[in-house]
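Next come the chains, spelled out residue by residue.
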Amino acid sequence: MSEAWSGDVGKGVRAWTGEPPPDVEAEGPDADPESVARTILLDALTGQARSRKELRDKLAKRDVPDELAERLLDRFTEVGLVDDEAFARSWVESRQRSRGLARRALAQELRRKGVDDDTARTALDDLDPAQEEAAARDLVRKKLRSMRGVDNATATRRLAGLLARKGYPAGLAFAVVRDELGASEEDDPSDMMGP
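Read on for an overview of the structure. (Residues numbered from 1 in each chain as written. Predicted model: local features only at pLDDT ≥ 70, side-chain atom pairs only at ≥ 80, totals over all residues. Heavy atoms only, no water.)

## Points about the overall build of the protein chain
Counting its secondary structure elements, the protein chain contains 11 helices and zero strands. Along the protein chain, from the amino end to the carboxyl end, the secondary structure elements read α-α-α-α-α-α-α-α-α-α-α. At a minimum sequence separation of 6, the contacts of the protein chain that also span at least 24 residues come to 63%. Total accessible area on the protein chain stands at roughly 12,900 Å², and carbon and sulfur atoms take up 50% of it. (Helix = DSSP H or I, 4+ residues; strand = E, 2+ residues; numbered from the N terminus. Contact = heavy atoms within 4.5 Å. Areas by Shrake-Rupley, 256 points an atom, 1.4 Å probe, with all protein chains shown as cover.)

Given below as structure tokens:
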């Protein structure tokens, strides 16, 4: 008897326990696929904006047919619930402020979120270079607090690496690091040891 059993498990359990079969009419018809897809989209948009690609991926993961997904996404875009431009601007502003990310890192994140390059470029153009430099300085100042007793060469390497991981160009990174290391030594010469 190596034959695999392929019956209805629920039916077998109900027969074993003496439970009556479910009343199919009382349970009602299956949910409308469009209504289910709409609910998925609304749930995904509750609390935070999402890119069109993120929403499309959520629908695909839940086996919503592509044609239905595109039709609903078009409708949500029409009424303003899905807006990649607004999403990109909001994402750039938020991530630059909270994480101190530079243009290059933000562009990579937007690309992963499925925002097209033109839309991302428009959102990134809103970044003020002075604001980006100020964010780099804040990152370096915070990191400097934990680097007491580290020589200048090591501090420079670590701080420039930190800024590089955040997407800052090398020229800006080294200029900011040099300025902040100099300011730190002027404030407290015992903080940093010479080379």
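## Notes on a nonpolar patch on the surface
On the surface, Leu-42, Val-79 and Leu-81 cluster together into a nonpolar patch covering about 250 Å² of accessible area. When you line up the elements, Leu-42 lands in helix α3 (residues 33-45). (Patch = residues over 30% accessible without salt bridge, like charges linked within 9 Å, V, L, I, M, F, W, Y side chains within 5 Å. Salt bridge = Lys/Arg side-chain N within 4 Å of Asp/Glu carboxyl O.)

## Notes on the side chain of Thr-119
Relative to the helices and strands, Thr-119 is located in helix α8 (residues 117-125). You can call Thr-119 buried: its relative accessible area is 12%. Those residues in contact with Thr-119 that lie beyond four places of it in its chain are Asp-84, Glu-85 and Ala-88. (Buried < 20%, exposed > 50% of the residue type's maximum accessible area, 1.4 Å probe, protein only.)

## Observations concerning the side chain of Arg-137
Locating Arg-137 in the fold gives a position in helix α9 (residues 129-144). For Arg-137, a relative accessible area of 15% corresponds to the buried category. In this structure, Arg-137 is in contact with Val-176, Asp-179 and Glu-180, ignoring residues within four places of it in sequence.

## Re the environment of Ser-90
With respect to the helices, strands and loops of the structure, Ser-90 is situated in helix α6 (residues 84-99). When its relative accessible area of 43% is taken as the criterion, Ser-90 is described as partly exposed. Distance in space between the C-alpha atoms of Ser-90 and Ala-123 is 8.5 Å, their sequence separation being 33 residues.

## With respect to the pattern of salt bridges
Summed over all chains, the structure comprises 18 salt bridges. By sharing partners, the salt bridges in this structure join Glu-133, Arg-137, Asp-138, Arg-141, Asp-179 and Glu-180 into a single network.

## With respect to the environment of Leu-45
Position of Leu-45 relative to the elements: it lies in helix α3. Judged by relative accessible area, which is 17%, Leu-45 ranks as buried. For the pair Leu-45 and Val-82, spaced 37 residues apart in sequence, the C-alpha to C-alpha distance is 8.5 Å. Look past the residues within four positions of Leu-45 in its chain and what remains in contact with it is Arg-50, Leu-55, Phe-76, Leu-81 and Val-82.

## A short note on the packing of α3 against helix α4 (residues 52-61)
Taken N-terminus to C-terminus, the directions of α3 and α4 make an angle of 135 degrees; their axes are 10 Å apart at the nearest point. In this view, α3 runs oblique relative to α4, as classed from their interaxial angle. Note on packing geometry: the crossing formed by α3 with α4 is right-handed. Of the residues in α4, those touching α3 at Ala-37, Ile-40, Leu-41, Ala-44 and Leu-45 are Leu-55, Lys-58 and Leu-59. A class-by-class count of the residues in the contact of α3 with α4 yields seven nonpolar, no polar and one charged. (Axes fitted to C-alpha atoms, helices over the stretch in contact; angles between N-to-C directions. Parallel < 35°, antiparallel > 145°, perpendicular 65-115°, else oblique. Left-handed = near helix turned anticlockwise from the far one by under 90°. Nonpolar A, V, L, I, M, F, W, Y, C, P; charged D, E, K, R; others polar.)

Structural measurements only, silent on function.
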